[in-house]
Every structure is written in structure tokens, then in C-alpha cells.
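# Chain and residue survey
Now for the letters of each chain:
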Amino acid sequence: MQQLFSNQYIILALTFAVFYYFRRLQYRTGWILLNPILIAIVLLIAYLKITGVSFEKFEESGSLIDFWLKPAVVALGVPLYLQFEAIKKLWLPIVLSQLVGCLVGIVSVVLIAKLFNASDVVIISMASKSVTTPIAMEVTQALGGIPSLTAAVVVITGILGAILGFKTLAMGHVNSPIARGLSMGTASHAVGASTAMGISNKYGAFASLGITLNGIFTALLTPTILRLLGFI
Amino acid sequence: MAKQFFVIFGCLALGEVIVWATGIKLPSSIIGMLLLTFFLKTKIVKLEWVEKLSQFLLANLGFFFVPPGVAIMLYLDVIQKELLPIVMATVLSTILVLVVTGHMHQFVVKAERKIMAMNLRKKNKAKENSNAECVSEENEIQV
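Residues numbered from 1 in each chain as written. Chains lettered and ligands numbered in written order. Predicted model: local features only at pLDDT ≥ 70, side-chain atom pairs only at ≥ 80, totals over all residues. Heavy atoms only, no water.

For chain B, an unreviewed UniProt entry supplies the name Holin-like protein and the organism Hoylesella shahii DSM 15611 = JCM 12083.

In the annotation of an unreviewed UniProt entry, chain A is listed under the name Putative murein hydrolase (TIGR00659 family) and assigned to Hoylesella shahii DSM 15611 = JCM 12083. Within the UniProt record for chain A, the comment given under Subcellular location (unreviewed entry) is "Membrane". (UniProt positions renumbered as here; feature names shortened; annotations may be inferred.)

Put into C-alpha cells, the structure is as follows:
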């Protein structure tokens, strides 16, 4: 029985099934909390807890899926190319908004966590939460945090962006499509970009720009910002 | 299809080589993405060579995040212990980043437009003035 529960094909079929079903349900109901990424994660964790299959065993199947993350990030180069002229024209607002977005992202997460009495190691591990996992983990590693905790927070931030992103932008009067795409990439990396891509290619292009620039700025600035705030 | 995979994985592989050779602190996938943009822009790679695969990958980007998300179960105890600060900081900070980035972008675009319009007006005025001078000179000659 245990062997069946950890069978690669069964786990893959289950993952596809849950994701497909809840994406359809979200599409039909328009209910943002039915985010298929979030539900699939929750249900799979429940499945592993109930069946007693270890995460290591699951990862043998899971790695077949997350293997495609890197090629998918490379593929973001296509919308980036398609919007190249628009990006060139807007380089100043893009760079300035990314710089400010990066600063706000790091400073706010650190200060709010401190306000709620988080331990220093958790605070350091959360500082780079808005950017893509490999960069975020690298930053945390260099600062002496827990990289795997960073990876968890990065995924949570991404799903949050997917769930709250466009609602927040509409409520906050961010109306320009370019600004919206950028913000989605800046705040919630590739998950935000994939949500943006669902609306249009143009949104997606600016979101991938947001991932890139915020990633670079965060890698460069996080150590200095944390030092200035007195955490390291 | 082999060509499509070759281009995407080729960019990724080049990214890996660049990271290894330079020790640059960026993921190979981001470098691969910038390389792909560069190759498309310089026409070394044609759009139709990557169009299908990239569409497929981008449409399913969210799905690829499911297994890394399941890894959260390994850190449930750490997260549970500091649940409130982690949740509050993540939610509030994400909302702040979304709104501030968007507004900053809109603000700078508007400011740029205003400055451009001002410069245009100045130029037009200068032109009008010089035209006026020309006219007055002509008048003087006539007199």
C-alpha cells in the first residue's frame, strides 16, 4: 500500500488532477481564494501527512515538475523581447519604480516582522521574500538566515500576489497596465508574472522585467539595508 | 520541437556556464532569460523557433511552483512558532510593494510627460520669438 501511495505516476496524476480541477473551479466561480497553486499545495501536504509518505519520497516525483521552473523563467525572455521598444522608451520610470519597490519590500517586511516580535533569524530569512527563489535563498545564505525558510516564504508571497495582486492594484488606484504588470513581478516574482501573463502578454512582459530588476536590486541592496537597520 | 527545446535549454546551459565562469550572484535562469531576449533582438534566434515551447512553459508557470510549495511542510514548526509576524509581515509588505511600485511608475511617467510638455512649450515660444524678430527686422528694412 505504502508503495502505491508514493508511486511516481500516482503522485503526478494526483497533482495534475487537483491543479486542473481547482483551476477550473476558480475560473467558474471567480473566487480568488480557490487559487489552484495554494489548494494543490495544501491538499498534497494533507495527502503526505495522512499516507505517511515522506517529503523526500514526494520530491522524487515533485522534482519532475519543478525541474521546469528554470526553463519557464528563460521563456519569459520572449515577452520581454516582444515589448522591447516599450521598455526602452520607459526605462527611467521602470528603473525608479523598481528601486523604490525593492526598498519598500525589504524595509517593510523587516520592520513589520520586528514589530510583531519575530526572532532575528526569521527576520533575516524574510528580507528577500519578494524575489525569485534562487536569488532570495542566496541572499539569506549570505546573511546567515535559514535559506529553506526563505524558500517557503517566497512561495507564500508569490501565492499572496496571485490572490491579492490585481484586487490590491485596483483598490490602490494603480490603473496603467504597464505599472500593474511591473508591480506584480516586483512584489511576487514568477507567480505574479504568471498571473499577469494570464491577462495579457504585455502585462507578462513588464512582470518579467519586475522579477529581473527587483531580483538584481535585492541581491545588491539587502545586506546594506539590513546593516543600516541594525539587524546584522 | 527539438529546436524549441534546444533554444530554451541552450540559453539555460549558457546561463549555467556564465554563472560558473564569473561567479556572478544571479540564477542561471535569469541570465538565460536575458540571453534569450538578446538572441531574439539580434535575430540570432527567430521568434517561431521558441514561440510554442515558451507559450506552453509560461502558461503553466504557476503549476511548477506546487512542489516547492509542498516543501513548506518541512518548516511548519518554525512557521507555526512565529506565525503571526510571518503572516502579517508578508501580507502587509506585499500589499505595500504592489501599490508603491505601481504609483511610483505612474508618477514618474506623468512627471516625464510634464517636463516634456514644458520643454516643448519653451521651444515653441523661442521659435515664436525668433519669428517675431525676423518679422520686425523685415519691417525695419522696408522702412
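### Comments concerning the overall build of chain A
Helix and strand counts for chain A stand at 13 helices and 0 strands. If you list the helices and strands of chain A from N to C, you get α-α-α-α-α-α-α-α-α-α-α-α-α. Against the globule reference of 17 Å for 232 residues, chain A gives a C-alpha radius of gyration of 19 Å, in line with a compact fold. Reported as C-alpha extents along the three principal axes, the dimensions of chain A are approximately 60 × 40 × 30 Å. When each of the 232 residues of chain A is scored for burial, the buried share is 57%. Residue pairs in contact within chain A that sit at least 24 positions apart in sequence constitute 65% of those at least 6 positions apart. As displayed, chain A has an accessible area near 9,700 Å², and 68% of this comes from carbon and sulfur atoms. Side-chain charges in chain A split into 14 positive and 7 negative, and the spacing between the mean points of these groups amounts to 15 Å. (Helix = DSSP H or I, 4+ residues; strand = E, 2+ residues; numbered from the N terminus. Rg over C-alpha atoms; globule rule 2.2 N^0.38 Å. Buried < 20%, exposed > 50% of the residue type's maximum accessible area, 1.4 Å probe, protein only. Contact = heavy atoms within 4.5 Å. Areas by Shrake-Rupley, 256 points an atom, 1.4 Å probe, with all protein chains shown as cover. Lys, Arg positive; Asp, Glu negative; His and termini not counted. Charge placed at Lys NZ, Arg CZ, Asp CG, Glu CD.)

### Remarks on helix α3 (residues 47–59) of chain B
The terminal C-alpha atoms of α3(B), which comprises 13 residues, lie 17 Å apart, in line with the 18 Å expected from a rise of 1.5 Å per residue. The sharpest bend along α3(B) reaches about 30° and sits at B:Leu53. Every buried residue of α3(B) is accounted for by B:Val50, B:Leu53, B:Ser54, B:Leu57 and B:Leu58. Residues of α3(B) that are buried make contact with α5 (69–75), α6 (77–82) and α12 (177–199) of chain A together with α1 (2–22) and α2 (28–41) of chain B. (Expected span 1.5 Å × (residues − 1). Bend = angle between axes of the 7 residues up to and from the residue.)

### Let's talk about the domain arrangement of chain A
Residues and elements named next belong to chain A. Assigned domains of chain A: these are domain 1 (1–53) and domain 2 (76–229). Relative to domain 2, the C-alpha centre of domain 1 lies at a distance of 27 Å. Surface buried jointly by domain 1 and domain 2 totals about 500 Å² across both partners, of which 83% is contributed by carbon and sulfur atoms. It is Ile32, Asn35 and Ile37 that lose the most area in domain 1 upon contact with domain 2, and together they represent 69% of the buried surface on that side. At the junction of domain 1 with domain 2, the criterion picks out 0 salt bridges. On the surface where domain 1 and domain 2 come into contact, there are 0 residue pairs in polar contact (both at pLDDT 80 or more). The residue inventory of the side of domain 1 that touches domain 2, partitioned by class, reads 5 nonpolar, 1 polar and no charged. (Domains from an automatic or database assignment. Buried area = accessible area lost by both parts, 1.4 Å probe. Salt bridge = Lys/Arg side-chain N within 4 Å of Asp/Glu carboxyl O. Polar contact = N/O pair within 3.5 Å; in protein donor to acceptor, adjacent residues only side chain to side chain. Nonpolar A, V, L, I, M, F, W, Y, C, P; charged D, E, K, R; others polar.)

### Topic: the interface of chain A and chain B
With 97 residues of chain A in contact, the opposing surface of chain B contributes 71 residues. Of the roughly 7,400 Å² buried at the junction of chain A and chain B (both faces included), carbon and sulfur atoms supply 83%. Sorting the residues of chain A by area buried against chain B places A:Phe55, A:Val74 and A:Tyr81 first, and these three jointly supply 9% of that buried surface. Summed over the shared surface of chain A and chain B, the result is 2 salt bridges. We note a salt bridge from A:Lys70 to B:Glu16, for which the minimum N-O separation is 3.4 Å. Remark: the boundary between chain A and chain B carries 15 residue pairs in polar contact (both at pLDDT 80 or more). Per-element tally for the side of chain A that touches chain B: the top contributor is helix α8 (residues 91–115) of chain A, with 14 residues. For the side of chain A that touches chain B, a count of residues per class yields 62 nonpolar, 27 polar and 8 charged.

### Points about the domain arrangement of chain B
Along its sequence, chain B is organised into domain 1 (1–59) and domain 2 (67–143). Taken over C-alpha atoms, the centre of domain 1 of chain B sits 30 Å from the centre of domain 2 of chain B.

### A closer look at unusual backbone geometry
Even without glycine at this site, A:His189 takes up a positive phi of about 35°. Following the sequence through the fold, A:His189 ends up in helix α12.

### Considering the UniProt feature "transmembrane region" (unreviewed entry) in chain B
Under the present numbering, the feature "transmembrane region" (unreviewed entry) in UniProt falls on residues 25–44, 56–76 and 82–104 of chain B. Regarding residues 56–76 of chain B, the helix share stands at 48% and the strand share at 0%, and the terminal C-alpha atoms are separated by 33 Å.

### Notes on the UniProt feature "transmembrane region" (unreviewed entry) in chain A
The sites that UniProt annotates as "transmembrane region" (unreviewed entry) are residues 6–22, 29–47, 67–84, 91–116, 146–166 and 205–229 of chain A. This span, residues 146–166 of chain A, is 95% helix and 0% strand, and a straight line between its end C-alpha atoms measures 31 Å.

### Here we look at the packing of helix α2 (residues 8–29) of chain A against helix α3 (residues 36–51) of chain A
Residues and elements named next belong to chain A. Where α2 contacts α3, the two axes come as close as 9 Å, and the packing angle between them is 140°. Relative to α3, the element α2 is oriented oblique. The interaxial crossing formed by α2 with α3 has right-handed handedness. Together, Ile10, Ile11, Leu14, Thr15, Val18, Phe19, Phe22, Arg23 and Gln26 of α2 and Pro36, Ile37, Ile39, Ala40, Leu43, Leu44 and Tyr47 of α3 make up the contact between the two elements. For the contact of α2 with α3, the per-class residue count stands at 13 nonpolar, 2 polar and 1 charged. (Axes fitted to C-alpha atoms, helices over the stretch in contact; angles between N-to-C directions. Parallel < 35°, antiparallel > 145°, perpendicular 65-115°, else oblique. Left-handed = near helix turned anticlockwise from the far one by under 90°.)

### Notes on the pattern of salt bridges
Residues and elements named next belong to chain A. Throughout the structure, instances matching the rule amount to 5 salt bridges over all chains. Across the pair glutamate 60 and lysine 57 runs a salt bridge whose closest N-O atoms are separated by 3.7 Å. With glutamate 60 and lysine 57 both in helix α4 (residues 55–66), this residue pair falls 3 residues apart, about one helical turn. Exposure remark for glutamate 60: the relative accessible area of 41% places this residue in the partly exposed category.

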